[in-house]
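Coordinate inspection notes
Take a look at the letters that make up each chain.
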Amino acid sequence: MNVLAATLTTVMIASGTNFPDAELHRLVDDGAASSALLAVDGTRAAAGAAVPSGYFRIGSVTKTFVATVVLQLVDEGRVRLDEPIDRYLPGLVPDGGRITVRQLLNHTSGIYDYAHDAGYSTNRWRGADRFRHYEPEELLAVAFQHQPYFKPGGGWHYSNTNYVIAGLLIEKLTGQPYGVEVRRRILDPLRLTRTSVPGDRPGLPVPHARGYAEVDGRLVDATLMNPSLDGAAGEMIATTGDLNRFFDALLGGRLLTARTLGEMRGYVSATPLFDYGLGLQRFHLPCGKAVEGHSGELLGYTTYSLHGTTKHATLSYNPLPNTDPAATLFALFGRIYC
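Just so it is clear, the model here is predicted, and its values are computed rather than measured. Residue positions are given per chain, counted from 1 along the sequence in the order it is written. Predicted model: local features are reported for residues with pLDDT of at least 70 only, side-chain atom pairs are reported and counted for 80 or more only, and whole-chain, interface and lining totals are derived from all residues. In computing side-chain properties, one takes all heavy atoms of the structure into account and sets aside hydrogens as well as water.

1. Quick look at the overall build of the chain
Helix and strand labels come from DSSP, where a helix needs a run of H or I of at least four residues and a strand needs a run of E of at least two; each type is numbered from the N terminus. Counting its secondary structure elements, the chain contains ten helices and 13 strands. Here the globule rule reads 2.2 Å times residues to the power 0.38, and the radius of gyration is calculated from C-alpha atoms. What you see for the chain is a C-alpha radius of gyration of 19 Å, in line with the 20 Å of a compact globule of 338 residues. Expressed along its principal axes, the backbone C-alpha trace of the chain runs to roughly 55 × 45 × 35 Å. Relative accessibility under 20% of the residue-type maximum defines a buried residue, over 50% an exposed one, and the middle range a partly exposed one, all with a 1.4 Å probe and only protein chains included. In the chain, which comprises 338 residues, the share counted as buried stands at 56%. Taking as baseline every contact in the chain between residues at least 6 positions apart, the subset at least 24 positions apart corresponds to 68%. Each charge class in the chain was averaged separately, 31 positive and 33 negative side chains, and the resulting centres sit 5 Å apart. The contact definition used throughout considers only heavy atoms, calling two residues in contact when any of these lie within 4.5 Å. For the charge count, each Lys or Arg is scored as positive and each Asp or Glu as negative, with His and the chain ends excluded. To locate a charge, the coordinates of NZ of Lys, CZ of Arg, CG of Asp or CD of Glu are taken.

Now the structure itself:
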């Protein structure tokens, strides 16, 4: 057992017959995580140093919020999914006359992922640079130095650059930063008071568990960072309860029309584990069932928000290095959905 994990306690709020409390414990007890949070519908639990109402960095789950705003603009007739991005952001994107809004949202644009460049990933320790501010245009400049992965529509490749562009698209069409529109259109109407777009703020609201990274063979505290390096691709903060409420509203048709929700669920083949829609993933569980949602990762924080037709489950944990929790994660979600 990891020495850090061995010193931590577990707090449970409630439990049901299918609540995977043993699997949640196992993430910490086996040393895969220092802390873990889980909400299944209204039942919440925490293992390790976390508390059930704790905040965490949701990483790329941010993309679902951004895609939802873009699709609301589609519903309003202000943007079309199959129009080239050049129509709305002329001259910004190389080959932007052939790359559509849809291809940005489902990662079939072929645009290089700036986060693959050294020093430009929030999933890696960056020393003092983790407190730097980054403008979206700076991130695009890094991406556009590289050749695309393929011609527009010619394949699938996850790229954070796509959602940096989507954030700028929202700003161009509304006159407001994407985070303002996320709050106005989603957070405030749904009363998601524990979800935020932090901008340059390096900390998280209290309470929260600490995130860790390995540097030169030792654990260091990686909780604080300026998340503008991710921006519209992954900077947001939330709680498990808020994410469950968001996906309940989204997949239940309360944020989009039936037509645009259907577009969001227009999945393309991505990896053996999941298909990708417009800011939405469809995960294939070993039992043969499929659940929808999104995963996210920033240094020190990993999130899976996965949702079935009748259940909503969000897991966030603080991973520890050199571990592979895949078997426990499959068992956890299998317990809920299978």
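2. Description of the state of the cysteines
When two cysteine sulfur atoms lie within 2.5 Å, the pair is treated as a disulfide. Applying the stated criterion across every chain yields a total of one disulfide. The disulfide bridge from C287 ends at C338, spanning 1.9 Å between sulfur atoms. The sign of the S-S torsion, about -60 degrees, decides the handedness of the disulfide formed by C287 and C338: left-handed. Residue C287 is located in the loop between β10 (281-284) and β11 (290-298), and its partner C338 is located in the segment after α10 (326-337); the two are separated by 51 residues in the primary sequence.

3. So, the packing of helix α5 (residues 136-144) against helix α6 (residues 160-174)
Lines are fitted to the C-alpha atoms to define the axes, a helix being fitted only along its stretch in contact, and any angle between axes, read from their N-to-C directions, falls within 0 to 180 degrees. Packing of α5 against α6 leaves a shortest axis separation of 10 Å and a crossing angle of 140 degrees. Between α5 and α6, the interaxial angle falls into the category oblique. Considering how the two elements wind past one another, α5 and α6 form a crossing that is left-handed. Residues P136, E137, L139, L140, A143 and F144 of α5 form the contact with α6, whose participating residues are T161, V164, I165 and L168. Split into classes, the residues belonging to the contact of α5 with α6 amount to eight nonpolar, one polar and one charged. Under this scheme an angle from 65 to 115 degrees is roughly perpendicular, one under 35 degrees roughly parallel, and one over 145 degrees roughly antiparallel; angles in between are oblique. Less than a right angle of anticlockwise turn of the near helix away from the far helix marks a crossing as left-handed, whereas a clockwise turn marks it as right-handed. Side-chain classes follow a simple rule in which Ala, Val, Leu, Ile, Met, Phe, Trp, Tyr, Cys and Pro form the nonpolar group, Asp, Glu, Lys and Arg form the charged group, and the remainder, Gly included, forms the polar group.

4. Remarks on the UniProt feature "domain: Beta-lactamase-related" (unreviewed entry) in the chain
UniProt positions are given in the numbering used here, feature names are shortened, and annotations may be inferred rather than shown by experiment. Annotation from UniProt places "domain: Beta-lactamase-related" (unreviewed entry) at residues 53-304. Annotated as 30% helix and 13% strand, the span residues 53-304 places its first and last C-alpha atoms 16 Å apart.

5. A look at the pairing of strand β6 (residues 218-221)
When DSSP finds at least two bridges between two strands, those strands are taken to pair. Across four bridges, the pairing between strand β5 (residues 212-215) and β6 is antiparallel. By the bridge assignment, Y212 is partnered in β6 with D221. Linkage of β5 to β6, two consecutive antiparallel strands, is achieved through a turn of two residues, within which D216 is found at a positive phi near 55 degrees.

6. Regarding the pairing of strand β3 (residues 43-48)
Every other side chain in a regular strand lies on the same face of the sheet, so the side chains alternate between the two faces. Extensive coverage of β3 is indicated by the burial of five of its six residues. Of the pairings in the sheet, the one linking strand β2 (residues 33-40) to β3 comprises six bridges and is antiparallel in character. The partner of L37 across the bridge, within β3, is A46. Once β2 ends, the chain turns through two residues before running back antiparallel as β3, passing D41 with a positive phi of about 50 degrees.

7. Describing the side chain of S196
Structurally, S196 is set in the loop between α7 (178-190) and β5. In this structure S196 comes out as buried when scored by relative accessible area, which is 15%. Beyond its immediate chain neighbours, meaning those up to four positions away, S196 contacts R183, R201, M236 and I237.

8. Overview of α7
Between its first and last C-alpha, α7 extends 17 Å over 13 residues, near the 18 Å set by a 1.5 Å rise per residue. A bend of about 35 degrees at R184 is the largest found in α7. Restricting attention to buried positions, one finds in α7 the residues Y178, G179, E181, V182, R185, I186, L187 and L190. Where α7 is buried, its residues touch α3 (62-75), α6 and α8 (240-251). A positive phi of about 55 degrees marks R191, the residue just after α7. A helix is expected to reach a length of 1.5 Å times the quantity of its residues less one. Two axes enter the bend calculation: one fitted to the seven residues ending at the residue in question, the other to the seven starting there, and the bend is the angle between them.

9. Notes on the pattern of salt bridges
Salt bridges are identified by distance alone: a Lys or Arg side-chain nitrogen within 4 Å of an Asp or Glu carboxyl oxygen. Applying the stated criterion to the full structure yields 16 salt bridges. The closest approach of N and O atoms between D95 and R98, which form a salt bridge, is 3.0 Å. Under the relative-accessibility criterion, D95 is labelled partly exposed at 38%. Via salt bridges that share partners, E76, R78, E181, R184 and R185 belong to a single interconnected network.

10. Let's talk about the packing of α3 against α7
Orientation of α3 relative to α7, taken along the N-to-C sense of each, is 80 degrees, at an axis distance of 10 Å. Accordingly, the angle class assigned to the pair α3 and α7 is roughly perpendicular. Two secondary-structure elements touch here, α3 through T62, F65, V66, T68, V69, Q72 and L73 and α7 through Y178, E181, V182, R185, I186 and L187. Among the residues making up the contact of α3 with α7, the classes are represented as eight nonpolar, three polar and two charged.

11. A short note on unusual backbone geometry
A cis amide bond links V206 with the next residue in sequence, P207, at an omega value of 5 degrees. Relative to the helices and strands, P207 is located in the loop between α7 and β5. Here R191, not a glycine, exhibits a phi torsion of approximately 55 degrees, which is positive. Secondary-structure assignment places R191 in the loop between α7 and β5. Judged by its relative accessible area of 65%, R191 falls in the exposed class.

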